[in-house]
Amino acid sequence: MAAAFFTLQPVDQSAVLMKTLLLLSVLSIAGSVSSDHHSGTSETDHTASGNGSKLFPWDKMRLPKHVTPVHYDLLIHPNLTTLTFTGFANIQVTVNQQTTSIILHSKHLQITKATIQGGKGNSHAETEVMVWKHPPFEQIALLASEPLQVGQNYTVHIEYSANLSESFHGFYKSSYRTQEGEVRVLAITQFEPTAARMAFPCFDEPSFKAQFSVKIRREPKHLALSNMPIVRSVNISKWLVEDHFDVSVKMSTYLVAFIVSDFKSVSKMTRHGIKISIYAVPDKINQADYALDAAVKLLDFYEDYFSIPYPLPKQDLAAIPDFQSGAMENWGLTTYRESALLYDSEKSSASSKLWITMIIAHELAHQWFGNLVTMEWWDDLWLNEGFAKFMEYVSVSVTHPELKVEDYFLGKCFDAMEVDALNSSHPISTPVEDPAQILEMFDDVSYEKGACILNMLWNYLTADVFKAGIVQYLRNYSYRNTKNEDLWNSLTNICPVDGTHESQLQSDGFCTRNQQTSSSSHWTRRETLEVGTMMNTWTLQKGFPLITVMAKGKNVYLRQEHYMKGSHSSPPTGYLWHVPLTYITSKSDTVQRFLLTTKTDVLILPEEVEWIKFNVGMNGYYIMHYEDDGWDNLISLLKENHTAISSNDRASLINNVFQLVSIGKLSISKALDLTLYLNHESQIMPVFQGMNELIPMYKLMEKRDMHDVENQLKEYIVNVFKNLIDKQSWNDEGSVSERLLRNSLLLFACARKYQPCVDKAEEYFMKWKESDGTLRLPNDVKAAVYAVGAQTVEGWDFLFSKYRLPSFNTEKNKIEVALSISRNKEKLQWLMDQGLLGDIVKTQDLPHIVVFVAKNPSGYHLAWKFLKENWNKLAQKFELGSHSIAGMVIGVTNQYSTREQLAQVKEFFSSLDEKSSYLRCIQQAIEIIEENIRWMDINFEQIKLWLQNNKI
């Protein structure tokens, strides 16, 4: 974000200033600065001067370790009328190296007074200090008149004021409209990764853990929340209350949180005696029951699973009206966007229940992974996010088995591979420094790939060994910070005795097992489980391997290479992974295992087989290529008896075959041949994967005016799934996966103008409209009904009128999709404009709306124009490097496939300032367009010919 920093000139040439200048050997200050007057402290912007001398006493982005915080005592007083706040911070610090300055973070804070108190023999003396600013690094320096001594404790006292942030980070303003139409304001924090410095001066890096005592001043009509429970409230005046919260556990600054609002709550106790509360705006607290029950179950699960008690007396979950991401794991006060926490049993869909459960599971997993044990620096963010994403599935599969979350895990791996197949990808562990680079780490590589490689390791080590290792990791590093190797070391020396494995700890400290080749739990060799060596190949290099197999009699020849999209004449060299291969064959459905640690190897089967399928259940983060007649045999299997392998195995074959087309290993005709079997498919993951591969093909054509082939392809896709579409009932019956499938199939069919679907949806919409929206529609068909209804101006206007009502809050996402696929360009433009204004359409929803419009053949020009014209506003609101900005950049451009479109994208982004133009998402967007161009040049004529020769 382009920060608007202020600059202050010292008030006078006091003795403190003179002594400080001498200590720093500063003779002059280059350039002129404006002046302002404050009682007590002078604050000056000091950056590099024209002659290259640095006046600020620190020249690195990372803070020095000379001084470390022990305890923060914070008093925060927000004014929800003037939208400002004042703050008082007392920070107890320990000096580790003699210094004359304390460097800490501050951003947009107007510091009015700063003092240092303490030191040997001078514990009660309070000395005013100079405050210097270095805006490029968001740092301030407190300049002491005497050197601070090693081993001594000091207290830094800082008084300051600031505006509540207008973005979604720092201490920011949120608002909502009551059912009566009154607008109410609240103040909320979002500090991860680098925004605590916007609320109080601090050592804003994960490794500077400390305890926090928070006091909040508020009006009597409001409620204050923070990480810890309130221990007492003091009436300052008739109009002002000061809440004192208990001292926190030792934690990083990004986990501190406070809210001032008029929220209401519902509460329950867990089996372990922890009070769980859901907070929401008063009109929506009746939608909190599902989240409350889920949170109680999940927190109990984690306490039992980790065998480490949750260390706080309470866990609050707050639904925030304006929230950029899905949720945030602040210790003891997790925050969520409303759609990620609130569930209406009458109106919410099955997908809402699934999403809410998974997000709560994610944030509560963070209470251990991330909060109790925190990565040393943001380059290992995946230790937080990959684990929390993985634990979603581990926990919810136990606490909510009816959701069958294990069915959806491989979809996360496919998502990660889409990004990880690009040259612009990055290793899971990647060096980062500035805030934008740090924000960019919050991507599919850190989350989804992190979770997928942990799942692969879980399968490799077995569940018991994995669990024992992570429990040891959490116990060893509680309230501390870690790096990659700390996790691998914890997972290496584990030998559980469970009656299944004959295990022993070797003299070298590694656990080995005597393996039996017939056991589905074991590897085909006696392997030394040196986890670090194996996992470094997955975390320290980008991308993933393509494993090529060729069966000759009983011999299976294996070869690995780096899978990468793009116009590379040969695959990148120098990459090698330790790949835990799994496989089944036509002769045995027992999972066999083989650890591939070399470029090539040979696997010997006990007998010849008709087919062999590797990566069973897609539990490994790699893709497969079957040479010679390998693919033909698998395609025949799918056509003749597709249920011979699991639905996840079928989904992985669909994914892999199209990935191989992208790098020229297979023809598009071969991939399309495989999709013919989908006419008989009924399971959610193969169907979704088939749609995910086929739909983007015609989406590329939509933006190139290739209407004949585009329409033939659309007709083919509808016909492939026609049997399944016709079987769908227009109600809410069935399992969660059946309901999710119904929702997606009907929306797809109606959007593709499949007449039976359109007729049914129009009938529902007219009845619903005639009832003025009071008719109860089945939740699983609403998306299709709304999408069809919004195609007329009258229907669009009616739908939007309902969108504005509080009673339709849980349906806003569905309505936004429907409004965004209108063919009316004026409506599409107006919708995006309203999202930027943030009154009628919440700005938090704008990134999704822009991407929806970009997918619309009538809207993609508008979305691109909107992104260009409002780039600076969007960057300021959502922050450069954020997932929101990345989502818009890639979502708006990833269906471009002409050289003209590529030139436009390159021209615009190269015209931006350096900070913007070097964003990873821009490199990804350009690379995706280049790949689309190449893909269409190679495959379009083949698709055209294949469609002519294959009718369903």
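Nothing here was measured: the structure is a model prediction, and the numbers come from that model.

**Student:** Explain the overall build of the chain to me, and be specific about the residues and the numbers.
**Tutor:** Across its full length, the chain carries 28 helices and 32 strands. Put simply, the chain has 952 residues, and 61% of those count as buried. In the chain, once contacts between residues fewer than 6 apart in sequence are set aside, the share between residues at least 24 apart is 71%. For the chain, the accessible surface area stands at approximately 35900 Å², while carbon and sulfur atoms represent 49% of it.

**Student:** Break down unusual backbone geometry for me, with residues and values.
**Tutor:** The residue after glutamate 192, namely proline 193, is reached through a cis peptide bond having omega 5°. With respect to the helices, strands and loops of the structure, proline 193 is situated in the loop between β11 (183–190) and β12 (211–218). One non-glycine residue, serine 307, lies in positive phi territory at about 55°. Looking at the element boundaries, serine 307 is found in the loop between α2 (289–306) and β19 (314–320). Positioned with a positive phi, aspartate 628 is a non-glycine residue whose angle comes to about 55°. Structurally, the position occupied by aspartate 628 is in the loop between β32 (623–626) and α11 (630–641).

**Student:** Lay out the sheet that holds strand β18 (residues 275–280) with the relevant residues and their values.
**Tutor:** Reading across from one edge, β17-β18-β19-β21-β20 is the order of the five strands in this open sheet, with mixed pairing throughout. Of all strands in the sheet, those with a lone pairing partner are β17 (264–269) and β20 (327–328), marking the two edges. The pairing of β17 with β18 spans six bridges and is antiparallel. Its bridge partner being in β18, lysine 268 is matched across the sheet by isoleucine 276.

**Student:** Which residues make up the packing of α2 against helix α3 (residues 350–366), and what values do they have?
**Tutor:** In contact at an axis separation of 10 Å, α2 and α3 are set at 40° when each is read in the N-to-C sense. On the basis of their axis angle, the class for α2 and α3 is oblique. Here α2 runs over α3; the crossing is right-handed. Together, Tyr290, Ala291, Ala294, Ala295, Leu298, Leu299 and Tyr302 of α2 and Lys353, Ile356, Thr357, Ile360, Ala361, Leu364 and Ala365 of α3 make up the contact between the two elements. Grouping the amino acids of the contact of α2 with α3 by side-chain chemistry returns twelve nonpolar, one polar and one charged.

**Student:** Report on the nonpolar core, specifying residues and quantitative values.
**Tutor:** Core analysis: the biggest nonpolar cluster contains 319 residues, and Phe200, Ile360, Phe614 and Trp871 have the highest contact counts within it. Examining the composition of this core, we find that 13 residues originate from one element, helix α28 (residues 920–949), more than from any other. Dropping the residues within four chain positions of it, tryptophan 871 is found in contact with Leu880, Ile885, Val889, Phe908, Phe909, Leu912, Ser916 and Leu919.

**Student:** Quick one: what's the story with the state of the cysteines, residue by residue and with numbers?
**Tutor:** Tallying each qualifying case throughout the model produces two disulfides. What pairs with cysteine 413 in a disulfide is cysteine 452, and their sulfur atoms sit 2.1 Å apart. On the sign convention where negative is left-handed, the bridge of cysteine 413 and cysteine 452, at about -110° about the S-S bond, is left-handed. With cysteine 413 in helix α5 (residues 409–420) and cysteine 452 in helix α7 (residues 445–461), this residue pair connects regions lying 39 residues apart in the sequence. Both residues of the pair, cysteine 413 and cysteine 452, count as buried. Covalently, cysteine 750 is tied to cysteine 757 through a disulfide, its sulfur atoms 2.2 Å apart. Every disulfide takes its handedness from the sign of the S-S torsion; for cysteine 750 and cysteine 757 that torsion is -90°, giving left-handed. Comparing cysteine 750 with cysteine 757 shows no difference in burial state: the two are buried.

**Student:** Would you mind going over the sheet that holds strand β9 (residues 153–163) in detail, with residue names and values included?
**Tutor:** The strands making up a sheet associate through hydrogen bonds between their backbones, and the pairing can be parallel or antiparallel. Read from one edge to the other, the open sheet built from eight strands follows the order β6-β5-β9-β3-β2-β12-β15-β14, with strand pairing classed as mixed. Looking at the sheet topology across the chains shown, the edges are occupied by β6 (126–128) and β14 (230–237). Taking the axes of each pair of neighbouring strands and ignoring which way they run, one obtains an average angle of 20° across the sheet. Bridge count for strand β2 (residues 67–79) against β12 is six bridges, and the pairing is parallel.

**Student:** Residues and numbers for the UniProt feature "active site" (unreviewed entry) in the chain, please.
**Tutor:** What UniProt calls "active site" (unreviewed entry) maps, in this numbering, to Glu363. Assignment of secondary structure puts glutamate 363 in helix α3. Sequence-distant contacts of glutamate 363, defined by excluding residues within four places in its chain, comprise Ala327, Met328, Glu329, Thr334 and Tyr336.

**Student:** Help me get a handle on empty space enclosed by the protein, residues and values and all.
**Tutor:** Under the counting rule described, the total for this entry stands at five cavities of 30 Å³ or more. Here the largest cavity defines a volume of roughly 80 Å³. Together, 13 residues line the largest cavity, and Met61, His105, Arg197, Trp377 and Glu433 are the ones closest to its centre. Classifying every residue of the lining of the largest cavity gives six nonpolar, two polar and five charged. One number sums up the size of the second largest cavity: a volume of about 60 Å³. Residue lining of the second largest cavity: eleven residues in total, with Met456, Asn459, Pro580, Thr582 and Asn619 positioned closest to the centre. Here the lining of the second largest cavity gets three residues from one element, more than from any other, and that element is α7. For the lining of the second largest cavity, the class distribution of residues is five nonpolar, five polar and one charged. Three or more residues apiece are contributed to the lining of the second largest cavity by two domains, here domain 2 (263–495 + 531–541) and domain 3 (543–642).

**Student:** So what about the packing of aromatic side chains? Which residues, and what values?
**Tutor:** Tallying each qualifying case throughout the model produces 55 aromatic pairs. Ring centres of tryptophan 538 and tryptophan 577 lie 6.2 Å apart, and the angle between their planes is 50°; on these two criteria the pair is classed as tilted. Residue tryptophan 538 is found in helix α10 (residues 531–539), and its partner tryptophan 577 is found in the loop between β27 (555–563) and β28 (579–585); the two are separated by 39 residues along the sequence. Under the relative-accessibility criterion, tryptophan 538 is labelled buried at 0%.

**Student:** Break down the pairing of strand β16 (residues 258–261) for me, citing the residues and quoting the values.
**Tutor:** Every regular strand shows the same layout, with side chains that alternate between the two sheet faces. Here β16 shows no split at all, with Phe258 and Val260 on one side and Ile259 and Ser261 on the other all buried. Pairing analysis gives two bridges linking β11 to β16, with the strands arranged antiparallel. Among the inter-strand pairings, isoleucine 188 is bridged to a residue of β16, identified as isoleucine 259.

**Student:** Account for the pattern of salt bridges, with residues named and values stated.
**Tutor:** Oppositely charged side chains can form a pair if their charged atoms are brought close together. This structure, assessed with the given rule, holds 49 salt bridges. We note a salt bridge from arginine 337 to aspartate 845, for which the minimum N-O separation is 3.2 Å. Of the two residues, arginine 337 sits in strand β21 (residues 333–337) while aspartate 845 sits in the loop between α21 (825–837) and α22 (846–855), which places them 508 residues apart along the sequence. Comparing arginine 337 with aspartate 845 shows no difference in burial state: the two are buried. A salt bridge links arginine 776 to glutamate 346; the nearest nitrogen and oxygen atoms lie 3.5 Å apart. Of this pair, arginine 776 sits in the loop between α17 (755–770) and α18 (782–789) while glutamate 346 is found in the loop between β21 and α3, placing the two residues 430 residues apart along the sequence.

**Student:** I'd love a proper account of the side chain of threonine 537, names of residues and values included.
**Tutor:** Within the element layout of this structure, threonine 537 appears in helix α10. Relative accessible area serves as the criterion here: at 12%, threonine 537 is assigned to the buried category. At 3.5 Å, the side chain of threonine 537 and the side chain of tryptophan 538 are in polar contact. The contacts of threonine 537, once residues within four sequence positions are left out, are Leu576, Trp577 and His578.

**Student:** Describe the packing of α3 against helix α16 (residues 736–751), and please don't skip the residues or the numbers.
**Tutor:** In the contact formed by α3 and α16, the axes pass within 8 Å of each other and the chain directions differ by 120°. Judged by the inter-axis angle, α3 sits oblique to α16. Seen from α3, the contacting residues are Ala350, Ser351 and Leu354; seen from α16, they are Val736, Arg739 and Leu740. For the contact of α3 with α16, the per-class residue count stands at four nonpolar, one polar and one charged.

**Student:** Account for helix α25 (residues 883–893), with residues named and values stated.
**Tutor:** A large share of α25 lies buried, amounting to nine of its eleven residues. Among the residues of α25, Ser884, Ile885, Ala886, Met888, Val889, Ile890, Gly891, Val892 and Thr893 are the ones counted as buried. Of the surrounding elements, those touching the buried residues of α25 are α22, α23 (860–869), α24 (871–878), α26 (899–910) and α28.

**Student:** Please give an account of the pairing of β14 that cites residues and values.
**Tutor:** Note that β14 and strand β15 (residues 240–245) share six bridges and pair antiparallel. Of the residues in β15, the one forming a bridge with isoleucine 230 is phenylalanine 245. Counting the residues between successive antiparallel strands, the hairpin from β14 to β15 contains two residues.

What counts and how
- Position numbers for residues count from 1 along each chain, tracking the sequence in the order it is written.
- Confidence filtering applies because this is a predicted model: local features only for residues at pLDDT of at least 70, side-chain atom pairs given and counted only at 80 or more, and all residues used for totals across whole chains, interfaces and linings.
- Only hydrogens and water are removed before side-chain values are computed, so all heavy atoms of the structure are retained for them.
- Each helix corresponds to a stretch of at least 4 residues labelled H or I by DSSP, and each strand to a stretch of at least 2 residues labelled E; elements are numbered beginning at the N terminus.
- Classification of residues uses two cut-offs on accessible area relative to the type maximum, computed with a 1.4 Å probe and protein chains only: under 20% is buried, over 50% is exposed, and between them is partly exposed.
- Between two residues, a contact is recorded if the distance between any of their heavy atoms is within 4.5 Å.
- Computed with the Shrake-Rupley method and a 1.4 Å probe, the accessible areas treat only the protein chains shown as cover for residues.
- A strand pair is defined by DSSP finding two or more bridges across the two strands.
- Angular values range over 0 to 180 degrees, each being the angle between N-to-C directions of two axes fitted as lines to C-alpha atoms, with helices fitted over their stretch in contact.
- An angle below 35 degrees is read as roughly parallel, one above 145 as roughly antiparallel, one from 65 to 115 as roughly perpendicular, and any other as oblique.
- In this scheme the crossing of two helices becomes right-handed for a clockwise turn of the near helix relative to the far one and left-handed for an anticlockwise turn of less than a right angle.
- For this classification, Asp, Glu, Lys and Arg are treated as charged, while Ala, Val, Leu, Ile, Met, Phe, Trp, Tyr, Cys and Pro are nonpolar and the rest, including Gly, are polar.
- Among buried residues, those of type Ala, Val, Leu, Ile, Met, Phe, Trp, Tyr and Cys that are joined through side-chain atoms within 4.5 Å constitute a nonpolar core.
- Only a pair of cysteine sulfur atoms within 2.5 Å qualifies as a disulfide here.
- UniProt positions are given in the numbering used here, feature names are shortened, and annotations may be inferred rather than shown by experiment.
- Buriedness for pockets is judged along seven lines, at least five of which must meet protein on both sides within 12 Å for an open set on the 1 Å grid over protein atoms alone, while cavities are sets there where a 1.4 Å probe fits but cannot get out, and lining residues have an atom within 4 Å of a point.
- Grid points are joined across faces, edges and corners, and a volume is the space filled by probe spheres set on the points.
- Where each domain begins and ends is defined by an automated method or by a domain database.
- Classification of ring pairs rests on two measures: the distance between centres of Phe, Tyr or Trp rings, Trp counted by its six-membered ring, which must be within 6.5 Å, and the angle between planes, read as stacked under 30 degrees, edge-to-face over 60 and tilted in between.
- Salt bridges, as used here, are contacts in which a Lys or Arg side-chain nitrogen is within 4 Å of a carboxyl oxygen on Asp or Glu.
- In protein, a polar contact means a hydrogen-donor-capable atom and an acceptor-capable atom, both N or O and within 3.5 Å, with residues adjacent in sequence counting only if both atoms are side-chain atoms; elsewhere, any N or O pair within 3.5 Å suffices.

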